[in-house]
Amino acid sequence: MTHIDAGAELDPVHPVALPGTPSAGLSGAQVAERIARGQVNDVPVRSSRSLGEIVRANVFTRFNAIIGVLWLVMLFVAPIQDSLFGFVILANTGIGIVQEWRAKQTLDSLAVIGESRPTVRRDGNATEVATNEIVLDDLIEIGPGDKVVVDGVCAEADGLEIDESLLTGEADPVVKHPGDQVMSGSFVVAGGGAFQATKVGREAYAAQLAEEASRFTLVHSELRSGISTILKYVTWMMVPAAIGLVVTQLVVKNNDLKDAIARTVGGIVPMVPEGLVLLTSVAFAIGVIRLGRKQCLVQELPAIEGLARVDTVCLDKTGTLTEGGMDVTDLRMLDGADETYVRRALGALGESDPRPNASLQAIIDAYPDSEEWRCIESLPFSSARKYSGAAFSEGDGEASTWLLGAPDVLLGADDPALAETGRLNEQGLRVLLLARATRDLDDPEPARGARPTALVVLEQRLRPDAADTLRYFAEQKVRAKVISGDNAVSVGAVAAKLGLSGTAVDARRLPADREGMAGALDEGTVFGRVTPQQKRDMVGALQSSGHTVAMTGDGVNDVLALKDADIGVSMGSGSEATRAVAQIVLLNNSFATLPSVVAEGRRVIGNITRVATLFLVKTVYSVLLALLVVCWQVEYPFLPRHLTLLSTLTIGVPAFFLALAPNRERARPHFVRTVMRYSIPGGVVAGAATFVTYLVARHYYTGPGSLDAETSAATLTLFLISMWVLVIIARPYTWWRVLLVASMGVAFVFVLAVPALQTFFALKLVGVAMPWTAVGIAVVAAIVLEYLWRWVDRRFPA
C-alpha cells in the first residue's frame, strides 16, 4: 500500500507529477488561470434534445408537409369546415411538443441527481467537483468502479487495474503504473490511484462517444423503426392513388373546379396516418415522466420498450437482492489461532484499503485498526481473483502477509475448513477466509501454500422489496437468474429466502462453449463464483438461444454484462462505470421500481400496437376507395369535413385514451406484421362495404342534391364499420372503454340530429330505405370483420 505524503513542488504553468511522486494537485490560482484560458472539460452532458430540436422534430415531418400544402389549398377553395383537418394537425403537433418538453425537463432534473462527481486534489485536499469543472492538469483520484472521465497520465498507482474493454474490446484489465496513459471511457476494476488530466473537453478520446451515448433519443427501437417502415409503405401507396384521384376528379368528370379539388383533397388526406407518430412520441414521453416521478432515470428512451420485451432478467445478488451493507456475525478460529492476534490482522487489513468494498467495510466496523501495524504493500480486491491481501510490519520487527477472500478459492478442495464453510453458506451467510500467506504479494500465485487462520462470517441484509419483485417477474413469465461472484450455496440460500426456487450452480463447472452454457443456464436458477467475463458470456449465451435479457447490477464487476445485455439496469448508488453503461438507472436504489418500468414498457408497446391498427385501417380503406373511384370514374364520395369527423370520433379521440391506458400484456416481436395482419383485412372490408353503399345510393337517388344524399349514406356505413373496428380494438372491455365507445356513437348521432351540425358537416340522411340499407351493409361488414380477424388469429398467430 502506498501512503500519501506531503505534496511536491509544482510548476505554476504546467505541473507534471513525476512517476511515483504524490502531488498536492493544482492550487486555486492555477485552476482559475486554466478556466480563464478555456482549458476546462466543457463537453456538455446532454440528456435530451434542445427545445429547438424538439420543435423541429415535431413540425418538420414528411406528412406534416403533405397535410400543410393540402390545408393551404383548402383554405382558398372550400368552406372552413373542409379545412378542419389542418387545425387538428396543429393541435397534434402542439401536444407532441409540450409532452416531449415535459419529458426533457424530467430527464434533465434526474440526470443532475444521477451524474457522477469525480474527486480532484487541489491545494492538497480531495474535493468532489462536477465533471465539467475539471481543468487541464487536474490531479484526479480514482478507485474501484470509477470511470476515467478525461484522458491523462497515471501519477499514482496502488495495485491499479483499469478495464479498457469499452474502448478496445479487450476484456482483460490493464495494470497501470505511474507514467502510463489512461483513457477516458475506461474504468477502474481494482486498486486505486490518481492521474493527471492531459486532454479535457472535446479533445478527450471518448468525449464525443460519451456525449452521444448519454443523449435522450427517440430512435433505435423496434416500435419506431416498425412505424417508419409502415409509413414508407403508406407513401408508396399514396402516390399512385392520389395521382389517379386527381386525374379522375379534374379531367374525367369535368366537375366544378373547387368541388373537384375539395373531393380530391378529401381522398388524399385520410391516407396519411398523421396521428400515429405523435401518439408514439407522446406515449414514450409520458412514460418517461411517470418513471421520473419514481426516481427512475431512463438514459435511452427505447429502454422502456426493451425491458417490456424482456423474458429473462439476470440479477446480481449484492446491491440488488441484498442491501449494500453487511454485518460481521461471527469469527471462527482455525488451527488454534489466537483471536486477539487475528482481530489485529483484520483491523490492519481493513485500514490497508482506502476504498473498501461492502465486505471489508463490515470488517472495518467490527475490528478497529491497530496503530502498531504498518502496511508495506497491498493487493486490492479483484472480482477475477476473489481475494485481496496486504503485507505488514507488525511493530515488533515481525513481518507478515495476509490474504482475505473466498474460502473455496484460497483453500484446497480437501481442506476440512470447507465443510464448515459449506454449512454456513447453506444458511445464506457469507464467509471469508483469513489466511497467512507464505509467498510475496507480487508472486504469480500468492495464495499457493497460504495457511488458513480464521473464518469471518458475514450476514447480508435482504432488501425488503426483493421478494415481491421476484414474485412479480414470476407472475409475468419473466425468468430470474441470480448471477453472483459469491459462493453458489450461499447465494442459493439467499434466493430461497426470497422465494426463488431452483438449483444453485458453481459457475466454475459451467461448459465453456456457448451452446452448452445456454443449456446449463436454462436448467439452473442461481449461479455462484461467476467471474466478470463469465457474466458477459452468460448474457451472450442466453441471447444466442433467443432470449431478450436484462441485467441488473451496481458493481464494477457487472459492467461488461450490463453493456452486452439487451437492457442494462444500474442502481443509483452503484459504481460510476455501471451507471455510465446502463440504459436505466434506479436513482432510489430500489429494485422494486423495476416492475414499474416493465409495466410502463408494456403499456407503451401494447397500446401503440392497438392504435396503430386503428390508423392503418383508415389508410387502407382510403387508398382502396381512391382506387375504386378511379376504376369506376365517379365522384369521390367524401369531402374533407366528413372524414375529419369520422377520424376524430373513431380514431383520434379513442386512440389518445387507448394509448395511455394500463396494459399488462407482454410485448410481442414483429410489430409491423402484427399491425398489418389486422389493418389490411379491416381496411379492405371497410372500403369495399362503403363503396357498395355509395354505388347503391347512386342508383337510388336522382336529381339535384343527390350527391349529398349519397355521401351521407356512405358516411353512415363507413362510420358504423369504423366503430366496429374500434369495438374490436378496445377489447377486453372495462367500464371506461365501454363509455368511450358509447360516447363516440352518441356524438355522431348528435351531429345527425342537430340541424346546425347537419349543415356544417353537410350530412343529412334522406328517406328511410337507403339509410337502413347503409346500416344493413355495415352489419354484414361487421360480421365479416369478426370472422376475418378470428381467422387471422388462427392462421397467423402473433
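Here the structure is shown first, and the text comes after it.
Keep in mind that what you see is a predicted model, and the values were worked out from it rather than measured.

Student: Outline helix α3 (residues 62–77), listing residues and values.
Tutor: A rise of 1.5 Å per residue sets the reference length of α3, with its 16 residues, at 22 Å; its end C-alpha atoms lie 23 Å apart and thus fit the reference within 8%. Those residues of α3 that sit buried are Phe63, Asn64, Ile67, Leu70, Trp71 and Met74. Seen from one end, α3 has its buried residues packed into an arc of 135 degrees, which puts them on one side. When the buried face of α3 is taken as reference, the exposed residues oriented beyond 90 degrees from it are Val69 and Phe76.

Student: Can you break down the pattern of salt bridges residue by residue, with the values?
Tutor: In the structure shown here, the tally under the stated rule is 32 salt bridges. Taking the shortest distance from any N to any O, the salt bridge between arginine 121 and glutamate 156 comes out at 2.7 Å. With arginine 121 in strand β1 (residues 119–122) and glutamate 156 in strand β4 (residues 151–163), this residue pair connects regions lying 35 residues apart in the sequence. Taking the relative accessible area as the measure of exposure, arginine 121 reaches 4% and is therefore buried. The exposure class assigned to glutamate 156 is buried, which follows from its relative accessible area of 12%. A salt bridge links aspartate 506 to arginine 508; its shortest N-O distance comes to 2.8 Å. In this structure, a network of salt bridges that share partners links the residues Asp408, Asp506, Arg508, Arg509 and Arg529.

Student: Tell me about the pairing of strand β9 (residues 312–315), and name the residues and values.
Tutor: Within a regular strand, side chains alternate between the sheet's two faces. Judged by which residues are buried, β9 turns out to be covered on both faces: Thr312 and Cys314 on one side and Val313 and Leu315 on the other are all buried. Two elements, β9 and strand β19 (residues 549–553), share 4 bridges in a ladder whose sense is parallel. Counted as the bridge partner of valine 313 is alanine 550 from β19. Relative to strand β16 (residues 479–483), β9 runs parallel, the two being bridged by 4 bridges. Opposite threonine 312, over in β16, you have arginine 479 as the bridge partner.

Student: How would you explain the sheet that holds β16 if you had to name every residue and give the values?
Tutor: Taken in spatial order, the 8 strands make up an open sheet running β8-β21-β20-β19-β9-β16-β18-β17, and their pairing is mixed. Both outer strands of the open sheet, β8 (296–298) and β17 (504–506), are each paired with one neighbouring strand and no more. Each neighbouring strand pair of the sheet contributes to a mean axis angle of 20 degrees, computed without reference to strand direction. Two strands pair when backbone bridges link them, and β19 and strand β20 (residues 567–571) are joined in this way by 4 bridges, in the parallel orientation. Each residue of the ladder has a partner; that of threonine 552, found in β20, is valine 569.

Student: Lay out the packing of helix α22 (residues 640–659) against helix α24 (residues 706–729) with the relevant residues and their values.
Tutor: Running from N to C, α22 and α24 cross one another at 10 degrees; their axes reach a closest spacing of 9 Å. Taken together, α22 and α24 sit at an angle that is classed as roughly parallel. Within the contact between the two elements, α22 uses His642, Leu643, Leu646, Leu649, Thr650, Pro654 and Leu658 and α24 uses Thr711, Thr715, Leu718, Phe719, Ser722, Met723, Leu726 and Ile729. Split into classes, the residues belonging to the contact of α22 with α24 amount to 10 nonpolar, 5 polar and no charged.

What counts and how
- Residues numbered from 1 in each chain as written.
- Predicted model: local features only at pLDDT ≥ 70, side-chain atom pairs only at ≥ 80, totals over all residues.
- Heavy atoms only, no water.
- Helix = DSSP H or I, 4+ residues; strand = E, 2+ residues; numbered from the N terminus.
- Expected span 1.5 Å × (residues − 1).
- Buried < 20%, exposed > 50% of the residue type's maximum accessible area, 1.4 Å probe, protein only.
- Arc of directions from axis to C-beta.
- Salt bridge = Lys/Arg side-chain N within 4 Å of Asp/Glu carboxyl O.
- Pairing = 2+ DSSP bridges.
- Axes fitted to C-alpha atoms, helices over the stretch in contact; angles between N-to-C directions.
- Parallel < 35°, antiparallel > 145°, perpendicular 65-115°, else oblique.
- Contact = heavy atoms within 4.5 Å.
- Nonpolar A, V, L, I, M, F, W, Y, C, P; charged D, E, K, R; others polar.

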